[in-house]
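Working through the structure, step by step
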Amino acid sequence: LMFLDNDDWAEPQYVPFLVSKIEADQMDIVCCTGWDWYQDSGEKVLLTHGKNRRFDDHEAVRDILSAHAFTTEAMMKKIYRSSLFRDLRCVQGRHYQDTYIFLRLMPSCRHMEYFDVPEYNYLVHSGSITHSGYQSYTVQQVLSYTDNYDLVKKWYPESLRLLEHNIVSVS
């Protein structure tokens, strides 16, 4: 499975690149990087998170919660084994679904890989949910973290303080 926001676009090699890596390397999730395109200024910024790297679920959770962000917990820029979503569903009508879902995927993932290859283009809107500061729906971001508290406590106790820090800082 792959996700693409309706106003973003992928480079021509995005799908073939990620498909080849998930198949060849027998990964659960494969991720690339990309460009942030700022709609207001026309500026584009390359998002890079260092060198190519493999993760297990513990490393990925720690990375996500410490804001190094396995190229962020956003669902895009990745390919997923469809079996990961067999029993997983979004919460209807809630913002910040990516945070909620991505942490819930981790106990089923053992092999993840990041490639520092820019294949995704993300359009940044100045008034978007993720770039508009505190709003009433920011509470939903807190809920995305707190709903995963028991999961992190059970499976990733070494990352619990990072989760608590995120809950407090977003609050």
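Look up a bit, the structure's there.
Scoring rules and cut-offs
Residues numbered from 1 in each chain as written. Predicted model: local features only at pLDDT ≥ 70, side-chain atom pairs only at ≥ 80, totals over all residues. Heavy atoms only, no water. Salt bridge = Lys/Arg side-chain N within 4 Å of Asp/Glu carboxyl O. Helix = DSSP H or I, 4+ residues; strand = E, 2+ residues; numbered from the N terminus. Buried < 20%, exposed > 50% of the residue type's maximum accessible area, 1.4 Å probe, protein only. Contact = heavy atoms within 4.5 Å. Lys, Arg positive; Asp, Glu negative; His and termini not counted. Phe/Tyr/Trp six-rings, centres within 6.5 Å; stacked < 30°, edge-to-face > 60°. Lys NZ or Arg CZ within 6 Å of the ring centre and 35° of its normal. Core = buried A, V, L, I, M, F, W, Y, C linked by side-chain atoms within 4.5 Å.

1. A look at the pattern of salt bridges
Pairing of side chains with opposite charge becomes possible as their charged atoms draw close. Per the counting criterion, the structure on display carries four salt bridges. Asp57 serves as the salt-bridge partner of Arg110, at 2.9 Å between the closest nitrogen and oxygen. Of the two residues, Arg110 is situated in the loop between α3 (97–105) and β6 (112–124) and Asp57 in helix α2 (residues 57–65); the sequence distance between them amounts to 53 residues. Linked through salt bridges whose partners overlap, the residues forming this network are Asp25, Arg54 and Glu113.

2. Topic: unusual backbone geometry
A negative phi angle is the norm for most residues apart from glycine, just as the trans form is the norm for most peptide bonds. Backbone geometry at Gln26 places phi at a positive 55°, although glycine is not the residue there. By secondary structure assignment, the location of Gln26 is in the loop between α1 (14–24) and β2 (29–38). One non-glycine residue, Lys77, adopts positive backbone phi at about 70°. Following the sequence through the fold, Lys77 ends up in the loop between α2 and β5 (78–80). Classification of Lys77 by relative accessible area gives buried; the value is 4%.

3. Describing the side chain of Ser159
Structurally, Ser159 can be placed in the loop between α5 (149–155) and α6 (160–170). Excluding anything up to four places from it in sequence, Ser159 contacts Val61, Arg62, Leu65 and Val152.

4. Some remarks on the side chain of Asp36
Mapped onto the fold, Asp36 is located in strand β2. The buried charged residue Asp36 lacks any salt bridge partner; its closest oppositely charged side chain belongs to Lys77, at an N-O distance of 5.4 Å. For Asp36, the residues in contact, after removing those within four places along its chain, are Glu43, Lys44, Val45, Leu47, Tyr122 and Val124.

5. Quick word on the packing of aromatic side chains
What characterises a pair of aromatic rings is the spacing of the ring centres plus the angle enclosed by the ring planes. For the structure shown, the criterion picks out six aromatic pairs. Here the aromatic rings of Phe17 and Phe115 are separated by 5.4 Å at their centres, their planes lie at 85°, and the arrangement is edge-to-face. Remark: Phe115 occurs in strand β6 and Phe17 occurs in helix α1; sequence separation between them is 98 residues. Just as Phe17 is buried, Phe115 falls in that class too. Site record: aromatic cluster; members linked through ring pairs are Phe3, Tyr80 and Phe85. Between Lys44 and the ring centre of Trp35, over which it is positioned, the NZ or CZ distance is 4.1 Å.

6. What about the nonpolar core?
In terms of nonpolar packing, the biggest core is built from 30 residues, with Ile29, Tyr80, Phe85, Phe102, Leu105 and Met106 touching the most fellow members. Taken together, the elements giving at least two residues each to this core come down to β2, α2, α3, β6, α4 (138–146), α5 and α6. Ranked by residues supplied to this core, first place goes to α3 with five residues. In contact with Leu105, other than residues within four places in its own chain, are Met75, Tyr80, Leu84, Phe85 and Leu88.

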